[in-house]
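# Structure at a glance
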Amino acid sequence: MTGRVTHHGFAQGRHGSAAAVVAAMLLMGFISVLHAASTPVLMLLEHTEAGKQIQTKIEVKGGLVASPDKGKPQAKWIIRAGDALNSEGQPGDRSVNFYQGTDNQSTLLFILKVRYYQNAAGRWVPQFLLDEEPMVMRKNGRWQPLTTAQGASSLIVQTGTALQNAEGYFPSLEFGMTTGAISIDAWLVQ
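## Brief notes about the sheet that holds strand β8 (residues 107-118)
Across the sheet, 5 strands lie side by side as β5-β16-β7-β8-β9; this open sheet has antiparallel pairing. The open sheet has two edge strands, β5 (64-66) and β9 (124-131), and neither has a second partner. In this sheet, adjacent strand axes meet at a mean angle of 25° when their direction is disregarded. Taken together, the 3 bridges between β5 and strand β16 (residues 186-189) define a ladder with antiparallel strand orientation. Following the sheet pairing, A66 is matched in β16 by A186.

## Considering the pairing of β8
Pairing between strand β7 (residues 94-100) and β8: 7 bridges, direction antiparallel. What sits directly across from Q100, in β8, is T107. Strand direction decides the pairing type here: β8 and β9, joined by 8 bridges, are antiparallel. Residue pairing in the sheet places L112 in a bridge with L130 of β9.

## Observations concerning the confidence of the model for the chain
On average, residues of the chain score 81 in pLDDT, and 71% of them reach the 70 mark or higher. Under a pLDDT of 50 for its full length, residues 20-36 has, in the predicted model, 0 contacts with residues more than four places off or in other chains.

## So, the packing of aromatic side chains
The description of two aromatic rings rests on the distance between their centres and on the angle between their planes. One pass over the full model with this rule turns up 4 aromatic pairs. On the numbers, 6.5 Å between centres and 55° between planes, the contact of F98 with W187 is tilted. Here F98, found in strand β7, pairs with W187, found in strand β16; they are 89 residues apart in sequence, far enough to count as distant. For the residue pair F98 and W187, the accessibility class agrees, reading buried in each case. Here the aromatic cluster, defined as three or more aromatic residues joined through ring pairs, consists of F98, F110, F175 and W187.

## As for the nonpolar core
The tendency in soluble globular proteins is for nonpolar side chains to be buried side by side. Counting residues in each nonpolar core, the largest one holds 26 residues, and the members touching the most others are M43, I79, F98, F110 and I184. For this core, the elements supplying multiple residues, two or more each, are β3 (41-49), β6 (77-81), β7, β8, β9, β15 (172-177) and β16. Those residues within four positions of F98 in sequence are excluded, and the remaining contacts are M43, L45, I58, I79, T107, L108, L109, F110, L112, I184, A186 and W187.

## Focus: the side chain of S67
As for its position among the elements, S67 is in the loop between β5 and β6. A relative accessible area of 7% means that S67 is categorised as buried. At 3.5 Å, the side chain of S67 and the backbone oxygen of I184 are in polar contact. Excluding anything up to four places from it in sequence, S67 contacts I184, D185, A186 and W187.

## Points about the side chain of S183
Note on placement: S183 falls in the loop between β15 and β16. Residue classification places S183 among the buried residues on the basis of a relative accessible area of 5%. One polar contact links S183 to D185, side chain to side chain, over a distance of 3.1 Å.

## Let's talk about the sheet that holds strand β14 (residues 156-158)
Two strands in a sheet stick together by hydrogen bonds in their backbones, pointing the same way (parallel) or opposite ways (antiparallel). Taken together, 5 strands build an open sheet; the order of strands is β4-β3-β6-β15-β14 and the sheet is antiparallel. Each having just a single partner strand, β4 (52-59) and β14 make up the two edges of the open sheet. Taken over all neighbouring pairs, the strand axes of this sheet differ in orientation by 30° on average, direction set aside. Summarising the sheet, β3 and β6 pair through 4 bridges and their orientation is antiparallel. Looking across to β6, one finds that L45 is bridged to I79.

Basis of the calculations
- Residues numbered from 1 in each chain as written.
- Predicted model: local features only at pLDDT ≥ 70, side-chain atom pairs only at ≥ 80, totals over all residues.
- Heavy atoms only, no water.
- Pairing = 2+ DSSP bridges.
- Helix = DSSP H or I, 4+ residues; strand = E, 2+ residues; numbered from the N terminus.
- Axes fitted to C-alpha atoms, helices over the stretch in contact; angles between N-to-C directions.
- pLDDT = per-residue confidence, 0-100.
- Contact = heavy atoms within 4.5 Å.
- Phe/Tyr/Trp six-rings, centres within 6.5 Å; stacked < 30°, edge-to-face > 60°.
- Buried < 20%, exposed > 50% of the residue type's maximum accessible area, 1.4 Å probe, protein only.
- Core = buried A, V, L, I, M, F, W, Y, C linked by side-chain atoms within 4.5 Å.
- Polar contact = N/O pair within 3.5 Å; in protein donor to acceptor, adjacent residues only side chain to side chain.

Here you go:
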C-alpha cells in the first residue's frame, strides 16, 4: 500500500498533507504581506454630527485627497493619533496641509506637522504640532493675512486639554476658528 487514497478527486496521504501545509503557510505569508503593505493611518480627523462622533482616516499617501465631509462646516475639529508603527528607527516627519474648497478655488487653512514618538510598548505613535505662523502679504502699506474665510482672517483657537511634549508636539488636538464654523474640504500629506 502506498498511503495514497483518492477521495472526491483529491489525492490525500503524506504528499497531500505536506502540500496542504505548504499552501497554508504561503497563504498566511501572503496575508501578512498584504497587511504590512496596507497604507498606515497617520491621523484621524474627527467632528461631531447630530450628536455622533464622525472619524475620517488620513492615510500616509501622497496627493491631494478630498474629504468625505467636504462642504460641511464644523465649529470644532479634533485630530487624533493614527496607527502606531513598529520600526527599528524613528519614522520620518510628515506635514499635512489642510484646505477649504477644492479644484481651482482652494485656500490653505493651516499646516499640521507630524512627528513620531516611541511609546512604552516600543511602537512609534504620531504626535502633532499646529503651524500657526500666519501667511501674510503687504497690501496698501499694511500686513494682511492671506488665509481668509468669510472676509475675515481665520485665527485658530486650540480648545483641547492635551499637554504638549518638550518639543511642542501634542498627542491630540482640538481646535476651531475665531470666525466660526469652517469646513475642511481636502488635505495633502507630504
